[in-house]
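Each chain, letter by letter, is given below.
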Amino acid sequence: MKEKNVRNTSYEQRTHLLGRGVSALTLLLLVGAPFVIGAHLGAMPDLGAAGRGFLSVGLVWMVSSVVEFLVYTPMLGSGGSYLAFITGNLINMKIPCAVNARDLAGVKAGTKENEIVSTLSIAVSSLVTILVLALGVLLLQPLTPVLSSPVLRPAFDNVVPALFGAMAYKYYRADLRLAVWPLVLMSVLFVLLPSLQSQTSIMIMPSGALAILLAWLRWKKER
Amino acid sequence: MTILEKLSDGTMYLICGGIIAFVAVVCLVFAVRAWREGRAIGMDPGLMKKVIKSSAAFSVLPAVAILLGVIALSGALGIPWPWLRLSVIGALHYETQVAQGAAEQVGIALSGSEMTAGAFSTIALLMSVCILWGMVLNLFFNKKYTSRLAGKKTGGEKGSFGNRAMTAMFIGLVSAYIGSYIGGFVSGGARLDFSGDAVPLLTAAAAALAMAFFTWLSRKRGFSFLEEFSLALAMLVGMAAAIAFRALLPHGAEAVSGILRLVTEGRG
């Protein structure tokens, strides 16, 4: 038992060390790249314009990033969240992929097994994305007419609704009584305040908070 | 040499491809560590292989959709930069919006014909800075946050709520999106005018039906192998249905809106 605890701690410690190291290095590479490219092109970024742009569009994404960090880190565990935030495409790919893997493996959130499954799932998902994109870029010229044909366009425009429709069946079926309230609240809000439709990612927080509150109230009642 | 040719030259591929290769190695290292640790704590290798296969199958379709994002942005930003952005840290729904906002700040439209070297490097910087906060938070707070959560889950009954909370959170997440599709249709043009786009809502419904069908096949009809592919297959059905809905929608939307208006006026 003691040996297992030492192993767990050691794995977790090394995950944090590795995660922090690669996150710092990736940050450096991503922020540095525009300057290296600027030097290559002979025109450095205009920091004033970038600052103004950040105030107009960046702040929304900053808030969204904080929400994503608070909500998704418990789902993904430490290794999974380091990887997911480095590789991106969380909502349309990594989160559903990791949750699907977790359900398939039958592991509980917050356990060591969940940490392993979620890390494996996100790493594989990221590698597949990198591979598909690399192949796509390689074949970009011949593939462009097919992939961007008007016939297929509605399919690719609706990847996210297709994903959430399938997930909705899975999760609503698991607890329909709980699902009714957040769905009704969100539908009413989006119907009465159409401007919210461009802020869906921010609305995840109140919707999730309501679902968790209701789940907690029921759990307290059942105890 | 035009600006778009410069943005897709060998040096650009080298810079962007190098960063992508680094991230691919990071993913491999995490995967190998997780696999070894799973074996060491006695997890079933067959189960871990199932997770890998399912995750790979699940990711192919969304990855193709992300590739379309690369194609869409390549007209204004060349190929290598959108390739990098959407392979590392970026998100399909984010990149176009921020690139557009950044282009406005440098006083151009987001198009290849108006792009300049200075505008590109500024847009590239803004695209990088706006979305890196999740990584920054992870860098400084992941350890503290996950340790605190791990501390809370210990203690028998309380641990079981952690799992319920995750399911509830996902119900909340799905509800936000489904609600937005309902709102997008009912109040897409103006409040309660039923003239918005119904395709996302119908696509979600088609995918949900397909998911129900595949779940039934895998659980009740003995096609258990379908379980790990059901989500990807349901998405595929939903996406195929979106093509049909888009083709039929002009008439469908008018019919639905017309019926709803008649009902509303009749009641009025």
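Before reading on, note that the structure itself is shown above.
Residues numbered from 1 in each chain as written. Chains lettered and ligands numbered in written order. Predicted model: local features only at pLDDT ≥ 70, side-chain atom pairs only at ≥ 80, totals over all residues. Heavy atoms only, no water.

Caption draft 1: Main features of the overall build of chain A. A count of helices and strands for chain A gives nine helices and zero strands. For chain A, the N- to C-terminal ordering of α and β elements is α-α-α-α-α-α-α-α-α. The 223 residues of chain A split such that 54% are buried. Across chain A, every contact between residues at least 6 apart in sequence was considered, and the portion connecting residues at least 24 apart equals 61%. Total accessible area computed for chain A in this model is approximately 9,500 Å², and 70% of it derives from carbon and sulfur atoms. (Helix = DSSP H or I, 4+ residues; strand = E, 2+ residues; numbered from the N terminus. Buried < 20%, exposed > 50% of the residue type's maximum accessible area, 1.4 Å probe, protein only. Contact = heavy atoms within 4.5 Å. Areas by Shrake-Rupley, 256 points an atom, 1.4 Å probe, with all protein chains shown as cover.)

Caption draft 2: Summary view of helix 4 (residues 80-87) of chain B. The element helix 4 of chain B is largely enclosed, with a buried count of eight among its eight residues. Every buried residue of helix 4 of chain B is accounted for by Pro80, Trp81, Pro82, Trp83, Leu84, Arg85, Leu86 and Ser87 of chain B.

Caption draft 3: How the structure looks around the side chain of threonine 87 of chain A. Looking at the secondary structure, you find threonine 87 of chain A in helix 2 (residues 47-87). Its relative accessible area of 2% is what places threonine 87 of chain A among the buried residues. Among the polar contacts listed, one links the side chain of threonine 87 of chain A to the side chain of lysine 94 of chain A, at a separation of 3.1 Å. If sequence neighbours within four positions are ignored, threonine 87 of chain A has contacts with Lys94 and Ser126 of chain A together with Val23, Cys27, Ser87, Val88, Ile89 and Gly90 of chain B. (Polar contact = N/O pair within 3.5 Å; in protein donor to acceptor, adjacent residues only side chain to side chain.)

Caption draft 4: Highlighting a nonpolar patch on the surface. Together, Leu176, Val180, Trp181, Val184, Val188, Leu192 and Leu193 of chain A together with Leu192 of chain B give the surface a local cluster of nonpolar side chains, amounting to about 730 Å² of exposed area. Tracing the chain through its elements places leucine 192 of chain B in the loop between helix 8 (157-186) and helix 9 (199-220). (Patch = residues over 30% accessible without salt bridge, like charges linked within 9 Å, V, L, I, M, F, W, Y side chains within 5 Å. Salt bridge = Lys/Arg side-chain N within 4 Å of Asp/Glu carboxyl O.)

Caption draft 5: View of the packing of aromatic side chains. Here the structure, examined in full by the defined rule, presents 10 aromatic pairs over all chains. Judged by centre distance (6.2 Å) and plane angle (50°), the rings of tyrosine 13 of chain B and tryptophan 83 of chain B are tilted. Placement of tyrosine 13 of chain B in helix 2 (residues 10-40) and of tryptophan 83 of chain B in helix 4 is noted, with a sequence separation of 70 residues between them. Its relative accessible area of 28% is what places tyrosine 13 of chain B among the partly exposed residues. Through a chain of ring-to-ring contacts, the aromatic side chains of Phe69 and Phe85 of chain A together with Tyr145 of chain B assemble into a single cluster. (Phe/Tyr/Trp six-rings, centres within 6.5 Å; stacked < 30°, edge-to-face > 60°.)

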